[in-house]
Amino acid sequence: MALLNDLLNLNLSDHTEKIIAEYIWIGGSGMDMRSKARTISKPVSCPSELPKWNYDGSSTGQAPGEDSEVIIYPQAIFKDPFRGGNNILVMCDCYTPQGEPIPTNKRHNAAKIFSNPEVAAEEPWYGIEQEYTLLQKDVNWPLGWPVGGFPGPQGPYYCAAGADKAFGRDIVDAHYKACLYAGINISGINGEVMPGQWEFQVGPSVGIAAADQLWVARYILERITEKAGVVLSFDPKPIMGDWNGAGAHTNYSTKSMREEGGYEIIKKAIEKLGLRHKEHIAAYGEGNERRLTGRHETADINTFKWGVANRGASIRVGRDTEKEGKGYFEDRRPASNMDPYVVTSMIAETTLL
Amino acid sequence: MALLNDLVNMNLSDHTESFIAEYVWVGGSGMDMRSKARTISKPVSSPSELPKWNYDGSSTGQAPGEDSEVILYPQAIFKDPFRGGNNILVMCDCYTPQGKPIPTNKRNNAAKIFSHPDVVAEVPWFGIEQEYTLLQKDVNWPLGWPVGGYPGPQGPYYCAIGADKAFGRDIVDAHYKACLYAGINISGINGEVMPGQWEFQVGPSVGIEAGDQMWIARYILERITEIAGVVLSFDPKPIPGDWNGAGAHTNYSTKSMREEGGYEVIKKAIEKLGLRHKEHIAAYGEGNERRLTGRHETADINTFKWGVANRGASIRVGRDTEKEGKGYFEDRRPASNMDPYVVTAMITETTLLWKSN
């Protein structure tokens, strides 16, 4: 076991029943992910078998120094692609010692909405398209871009290959397999329009699982960029000017939308979303006004419009859905830095409750 | 799984029945290749079992923004040499939502020609010699050439070895094995006359497969140059002056040509090609006029001539074919940036279906 890597890749299950559980939570900004690990004496089969834990909330802007304990409740388990073996990643949410969700805990409210009988009966499915930008370390300039300058204009980069067109594919491909290994329902990846920008999709997942999976997928991605020496950005408009922003288009359907006559249900749902456009936009990510300009395949932030196959709309309905009279629709408004607990539960709430 | 490479090389089949399918298509310029991946939940044995997919055609110059969906139809499956395991590459072609091939879809018409009964009966074989140039990233100057200058004149580089004569062999060799792994019928490779230029050959393949395999071989090559940090060029005359261009010589035979008396069939076929020289040239690649000068082992673009063992001709017949009275011939006119669907289908159409009256 001479190299560091040999030790990192050690398969402990040959030697002990103990496993390592990496507890993951969302920090004070609502986007910063935090984690720490503990030894568990033997494998578990569900989150409720794992102990609650706590962390120093005053170090993440989530509690005052003189009363700093924040309690983390395990909510979802995934296999750990970094430690392998029986080791796990655990998605958690945060509570006060008295058992109240702290203000940045958006999962708690989402879980309430998803366990409402009317929502549960409709089995809401989500497919989230997470876009992100890779940046060169230290200069924070997009990967592949000349420092102090710009690459040629957008056009050649979308889904492209080649050393002059695709930057960071090994990160993207490592992430794809790592997520599949972890048990995340990752459905695909593609290179995006802006060079150095990529996308992965998680779904279709039901209810609260969609957001749990997306948060852990984001965590895995940041762990991988850490290995690669590259910085991960979820900023919705990382570079000003004639460069695409980054979104988190959220595809959505309910049982009724997926059955005969679903297209009418879809249209009614879109109508309701239109009536609450401002409320949704306020919850769809900070800085979204820099991205939703009406250009670069977005609809202007103050406009609500929907259309079939229309990538310049707030809501897009696919041609298949139109043709078959049932299916799903895509809310293109959420920014890449949205909180999936907030967005998925809000869409469910507006359209079903 | 400490390293990035450990994750990239993970064998998923130990953990799930799901696998990854990389859908590959030709973009709006007719030469840019695009791809994206999706998870498939259980094994498939043929392209028809894979779902159709779609992409944003407004981002590749193939559809307007307000009606941007272009539909991908899976047409051929290959093993994925980058992801390994049960993962696959899928060559696709592009249609409107109404089911019509979009204008840049050259495969659809080729497939029609290749399924014509007269053509099927003749079992057309193709062997395509794809030349290409490797360029240094950022400066876009050929690999191995001094930036701001030129290497010594052509002569020492063809099929050569040595750090001063062969540039980028690891890309070429990686590509060779990757294509064999993928199931592509790659028949050989060699270093070319211009330093930094290489060639690989795919074939003999029957009918539409020649185009499918050549496109995937090109895709695999660009993925490999991406890994190597080198830029791939299919320009037919990357450096003006006394430097060879890059072609895609297309070797061709039909059942009748391969049998007794085939040499006469070959001569008749070449005659037909001569009568449609202008039409073929127009479809044989953009910028070919910079390459087909009559020098550097080409025939002038406006001249049609053929000859045995003649590398300065438009069409070359090998000495073996002449001696045995049967075999195949080589159309040396196509440029490296030709579309193999177009070229293979057109040669077939002119020699088997077109009536010269």
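Worth saying up front: this structure is predicted, and the values here are computed from it rather than measured.

## Some thoughts on the overall build of chain A
And then number 1: Helices and strands together make up the secondary structure of chain A, namely 10 helices and 13 strands.
And then number 2: Taken over the C-alpha trace, chain A has a radius of gyration of 21 Å; the compact-globule value for 353 residues is 20 Å, and the two agree within 12%.
And then number 3: Across the 353 residues of chain A, 56% fall into the buried class.
And then number 4: Taking contacts inside chain A between residues at least 6 apart in sequence as the whole, the part at least 24 apart equals 64%.
And then number 5: Total accessible area on chain A is roughly 14,200 Å²; 51% of this is exposed by carbon and sulfur atoms.
And then number 6: Charge-centre separation for chain A: the mean point of 37 positive side chains lies 2 Å from the mean point of 45 negative side chains.

## Considerations on the interface of chain A and chain B
And then number 1: In this assembly, 46 residues from chain A lie in contact with 43 residues from chain B.
And then number 2: Taken over both partners, the interface formed by chain A and chain B buries close to 3,800 Å², and the fraction arising from carbon and sulfur atoms is 53%.
And then number 3: Our count for the chain A to chain B interface comes out at five salt bridges.
And then number 4: The residue Lys165 of chain A makes a salt bridge to Glu222 of chain B at a minimum N-O spacing of 3.0 Å.
And then number 5: Run the count over chain A and chain B and you get 20 residue pairs in polar contact (both at pLDDT 80 or more).
And then number 6: Every element with two or more residues in the side of chain A that touches chain B is listed here: helix 1 (4-8), helix 4 (169-182), strand 7 (186-191), helix 5 (208-228) and helix 9 (319-324) of chain A.
And then number 7: Looking at the side of chain A that touches chain B element by element, the count peaks at 10 residues for helix 4 of chain A.
And then number 8: Across the side of chain A that touches chain B, the residue classes tally to 24 nonpolar, nine polar and 13 charged.
And then number 9: In terms of strand pairing, strand 7 of chain A meets strand 2 (residues 33-40) of chain B through three bridges, oriented antiparallel. Paired with Asn190 of chain A across the two strands is Lys36 of chain B, which belongs to strand 2 of chain B.

## Digging into the environment of Val172 of chain B
Residues and elements named next belong to chain B.
And then number 1: Tracing the backbone through its elements, the reader meets Val172 in helix 4 (residues 169-182).
And then number 2: Residue class for Val172 comes out buried when judged on its relative accessible area of 1%.
And then number 3: In sequence terms Val172 and Thr225 are 53 residues apart; their C-alpha atoms lie 9.3 Å from each other.
And then number 4: Val172 has contacts with Tyr132, Ile189 and Trp198, leaving out every residue within four places of it along the chain.

## Notes on the pairing of strand 6 (residues 125-136) of chain B
Residue and element names in this part refer to chain B.
And then number 1: The buried fraction of strand 6 amounts to 11 of the 12 residues, a majority that puts the element mostly inside the structure.
And then number 2: Note: strand 6 against strand 8 (residues 197-206), eight bridges, orientation antiparallel. The partner of Trp125 across the bridge, within strand 8, is Val206.
And then number 3: Note: strand 6 against strand 9 (residues 230-233), four bridges, orientation antiparallel. Bridging from a neighbouring strand, Leu134 pairs with Leu232 of strand 9.

## Details of empty space enclosed by the protein
And then number 1: Going through the model one piece at a time under the given rule, you end up with eight cavities of 30 Å³ or more.
And then number 2: Empty space within the largest cavity amounts to approximately 80 Å³.
And then number 3: Around the largest cavity, the lining residues are Trp25, Val26, Met91, Cys92, Asp93, Cys94, Thr104, Asn105, Lys106, Arg107, Asp339 and Tyr341 of chain B.
And then number 4: In terms of residue count, the dominant contributor to the lining of the largest cavity is strand 5 (residues 88-95) of chain B (four residues).
And then number 5: In terms of residue class, the lining of the largest cavity is built from six nonpolar, two polar and four charged.
And then number 6: Computed from the structure, the second largest cavity encloses a volume of approximately 70 Å³.
And then number 7: Contributing to the lining of the second largest cavity are Ile26, Gln62, Cys92, Asp93, Cys94, Ile102, Thr104, Asn105, Lys106, Arg107 and Tyr341 of chain A.
And then number 8: The element best represented in the lining of the second largest cavity is strand 5 (residues 88-95) of chain A, accounting for three residues.
And then number 9: Within the lining of the second largest cavity, the residues separate by chemical class into five nonpolar, three polar and three charged.

## Looking at unusual backbone geometry
And then number 1: The linkage connecting Gly203 of chain A with the following residue, Pro204 of chain A, adopts the cis geometry, with an omega of -5 degrees.
And then number 2: Turning to its location among the elements, Pro204 of chain A is positioned in strand 8 (residues 197-206).
And then number 3: Going from Gly203 of chain B to Pro204 of chain B, the amide bond is cis rather than trans, its omega being -5 degrees.
And then number 4: Summarising the element assignment, Pro204 of chain B is placed in strand 8.

## Notes on the UniProt feature "domain: GS beta-grasp" (unreviewed entry) in chain A
And then number 1: In this structure's numbering, the residues bearing the UniProt feature "domain: GS beta-grasp" (unreviewed entry) are residues 19-99 of chain A.
And then number 2: Overall, residues 19-99 of chain A shows 0% helix and 48% strand. The separation of its end C-alpha atoms is 27 Å.

## Some remarks on helix 7 (residues 262-275) of chain B
Residue and element names in this part refer to chain B.
And then number 1: In a regular helix each residue adds 1.5 Å, so 14 residues correspond to 20 Å; helix 7 covers 20 Å between its end C-alpha atoms and thus fits that length.
And then number 2: The set of residues buried in helix 7 consists of Gly262, Tyr263, Ile266, Ala269, Ile270 and Leu273. In a view along the axis of helix 7, the buried residues occupy a sector of 115 degrees, so they form one face of it. More than 90 degrees from the buried face of helix 7, the exposed residues found are Lys268, Glu271 and Leu275.

## Considering helix 2 (residues 107-115) of chain A
Residue and element names in this part refer to chain A.
And then number 1: Restricting attention to buried positions, one finds in helix 2 the residues Arg107, Ala110, Ile113 and Phe114. Projected down its long axis, helix 2 carries its buried residues within an arc of 120 degrees, all on one side. The exposed set on the far side of helix 2, more than 90 degrees from its buried face, consists of Lys112 and Ser115.

## With respect to the packing of helix 5 (residues 208-228) of chain B against helix 10 (residues 340-353) of chain B
Residue and element names in this part refer to chain B.
And then number 1: Where helix 5 meets helix 10, the axes come as close as 8 Å, and the angle between the chain directions of the two elements is 160 degrees. Comparing the axis directions of helix 5 and helix 10 gives the class roughly antiparallel. For the crossing formed where helix 5 meets helix 10, the hand is right-handed. Contacts from Ile208, Ala210, Gly211, Asp212, Met214, Trp215 and Arg218 in helix 5 reach Pro340, Tyr341 and Thr344 in helix 10.
And then number 2: Its residues placed into classes, the contact of helix 5 with helix 10 shows six nonpolar, two polar and two charged.

## Considering the layout of surface pockets
Residue and element names in this part refer to chain B.
And then number 1: In this structure, the second largest pocket spans a volume of roughly 660 Å³.
And then number 2: Taken together, 25 residues make up the lining of the second largest pocket; nearest its centre are Ser29, Gly30, Met31, Asp32 and Asn337.
And then number 3: Per element, the largest residue contribution to the lining of the second largest pocket is three residues, and it comes from helix 5.
And then number 4: A per-class count over the lining of the second largest pocket returns 10 nonpolar, six polar and nine charged.

## Topic: the pairing of strand 4 (residues 69-79) of chain B
Residue and element names in this part refer to chain B.
And then number 1: Relative to strand 4, strand 3 (residues 53-56) runs antiparallel, the two sharing four bridges. Looking at the pairing, Tyr55 lines up with Val70 of strand 4.
And then number 2: Where strand 4 meets strand 5, eight bridges bridge the pair, whose relative direction is antiparallel. Its bridge partner being in strand 5, Lys79 is matched across the sheet by Ile88.

Rules used in this analysis
- Residues numbered from 1 in each chain as written.
- Chains lettered and ligands numbered in written order.
- Predicted model: local features only at pLDDT ≥ 70, side-chain atom pairs only at ≥ 80, totals over all residues.
- Heavy atoms only, no water.
- Helix = DSSP H or I, 4+ residues; strand = E, 2+ residues; numbered from the N terminus.
- Rg over C-alpha atoms; globule rule 2.2 N^0.38 Å.
- Buried < 20%, exposed > 50% of the residue type's maximum accessible area, 1.4 Å probe, protein only.
- Contact = heavy atoms within 4.5 Å.
- Areas by Shrake-Rupley, 256 points an atom, 1.4 Å probe, with all protein chains shown as cover.
- Lys, Arg positive; Asp, Glu negative; His and termini not counted.
- Charge placed at Lys NZ, Arg CZ, Asp CG, Glu CD.
- Buried area = accessible area lost by both parts, 1.4 Å probe.
- Salt bridge = Lys/Arg side-chain N within 4 Å of Asp/Glu carboxyl O.
- Polar contact = N/O pair within 3.5 Å; in protein donor to acceptor, adjacent residues only side chain to side chain.
- Nonpolar A, V, L, I, M, F, W, Y, C, P; charged D, E, K, R; others polar.
- Pairing = 2+ DSSP bridges.
- 1 Å grid on protein atoms, 1.4 Å probe; cavity = no way out; pocket = protein on both sides within 12 Å on 5 of 7 lines; lining within 4 Å.
- Points joined across faces, edges and corners; volume = space filled by probe spheres on them.
- UniProt positions renumbered as here; feature names shortened; annotations may be inferred.
- Expected span 1.5 Å × (residues − 1).
- Arc of directions from axis to C-beta.
- Axes fitted to C-alpha atoms, helices over the stretch in contact; angles between N-to-C directions.
- Parallel < 35°, antiparallel > 145°, perpendicular 65-115°, else oblique.
- Left-handed = near helix turned anticlockwise from the far one by under 90°.

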